[in-house]
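# What the coordinates show
Chain residues, written in single-letter form:
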Amino acid sequence: MNCKKITASVLLAAFAAFSPVAAFAGSAEGAGTAQISERESACYQYENGGLRLLIPKAYDNLLVTEIVKDRKDGMLYRVSEKASVEAAKKLSYDSRGAGWLFSIGQIDEGRRRELLCGDMSGAEIFARDANGKYYVFCHPTDVRYMREDNAAMKRDQDQWTMLNEWAHKDVRENFLKDNSLETMVYDNSEISMAIARAAYKPDVRYTVSTTQYGPIEPKNFDAAPFAEQLLQNAVYERTDAEVPDGEYVVLAFPDEGFRYDFFKLKDHENYVREVRPDGTETLFKAIFFYGSARASAVMQEWYDALTE
C-alpha cells in the first residue's frame, strides 16, 4: 500500500464527517433513506463481492473505475482519473499509477492486526461490517496528476482538484452508508503502533510496571482485550499541556529503549508521555470517540491481569 501518513487531526476531521454512532448505518429510515435514494439516482453503481461503490454521474466519465475481480490483497475497487491515464499512455509511461485517486479493500482480523503494528502511511482502516471484516481506504503519497504538457496541466488543474476533494471528503462516508458499515478510526501514531506490537506480536519484548510490584514481563499473555480499548476509535495527539504529577503506569520496550507513561492523576488519565532512547520526552493526550475511556485505567487493568 503506497499511501500518505494520516495525522490525528485529519482523523478527527474525518470522524466528524462520518456517522457519530457506533451502530450499523443500514437501519436509517425516513429522511436518511430519502437522501440516499436521491443520491443513488445521481450516481452509477459498481458492485464487487456484494459491496457497492456509487460514483456520481457527473464524475463517472472522468474516471477509470476498476472492479478488482481477483481481489488481490483484498482490494475491491481502484479509481483513477481517466485523463491522467490516457496522458501516461500517450507519453509511453507506465499508466498503472497515473491519476490514481484511491482504492478500497477488505481485510480480515489477522491482516488488521498486522497493519496496526506498522506504518500505515496512506492506508486507513475506516469501517467494519457485521461479519467482522474491515475496510481500508488507500490513496497515494505523491501526486499522480499527469498531462501531455504544461499547458494541459494548468488547464485541467481545477478538474484534478475537484476529483481529489470528492475522493477524500465523500467516498468513505458514502461507502459506509451504502453498505451498512460501522465507522472505525485508528490513528496509527507511534503510541498506537507500540501498543499494537505489544499485543499482537509475540516476539516483541515489553513490560508493564507500576510502583506496586514493579515491571512485569508477560509470558503467553493475551493483551488484545486491553489493546483494543486503547486503539479502537481513538487518536493520540501531541499537547503542550503541563506534564501531570503523580503516579503512572509504564509500558516499556527494553530492547528498543523507549517507554510510555500513562498518568493516573484525576482528570489527566488520558495523558501519555513518550520517552525516547535519547531522553526526548513528548506529551500526548488520548481522545476516545465513544464513552468515557481512561487510558491509564486500561493500562492498570492490563497490569492487574498480569499480576494474577
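Refer to the structure presented above.
Residues numbered from 1 in each chain as written. Predicted model: local features only at pLDDT ≥ 70, side-chain atom pairs only at ≥ 80, totals over all residues. Heavy atoms only, no water.

## Describing the packing of helix H9 (residues 190–200) against helix H10 (residues 224–231)
- Here H9 crosses H10 at 165°, and the two axes come no closer than 9 Å. By the criterion of interaxial angle, the relationship of H9 to H10 is roughly antiparallel. Between H9 and H10 the crossing geometry is left-handed. Packed against H9, whose contacting residues are Ser192, Ile195, Ala196, Ala199 and Tyr200, the element H10 presents Ala224, Ala227, Glu228, Leu230 and Leu231 at the interface.
- Considering only residue class, the contact of H9 with H10 consists of eight nonpolar, one polar and one charged. (Axes fitted to C-alpha atoms, helices over the stretch in contact; angles between N-to-C directions. Helix = DSSP H or I, 4+ residues; strand = E, 2+ residues; numbered from the N terminus. Parallel < 35°, antiparallel > 145°, perpendicular 65-115°, else oblique. Left-handed = near helix turned anticlockwise from the far one by under 90°. Contact = heavy atoms within 4.5 Å. Nonpolar A, V, L, I, M, F, W, Y, C, P; charged D, E, K, R; others polar.)

## Focus on the pattern of salt bridges
- As enumerated under the stated definition, the model contains 24 salt bridges in all.
- In this structure, Glu148 engages Lys90 in a salt bridge whose closest nitrogen and oxygen atoms are separated by 3.3 Å. Here Lys90 lies in helix H4 (residues 82–90) and Glu148 lies in the loop between strand E7 (134–138) and helix H6 (150–155), a separation of 58 residues in the sequence.
- Residue Glu148 is classed as partly exposed on the basis of its relative accessible area, which comes to 45%.
- What makes Lys90 exposed here is its relative accessible area of 58%.
- Note that Asp142 and Arg144 form a salt bridge whose closest N and O atoms lie 2.6 Å from each other.
- Judged by relative accessible area, Asp142 falls into the partly exposed class, the value being 41%.
- A single network of salt bridges, built from pairs that share partners, joins Glu81, Arg147, Arg155 and Asp156. (Salt bridge = Lys/Arg side-chain N within 4 Å of Asp/Glu carboxyl O. Buried < 20%, exposed > 50% of the residue type's maximum accessible area, 1.4 Å probe, protein only.)

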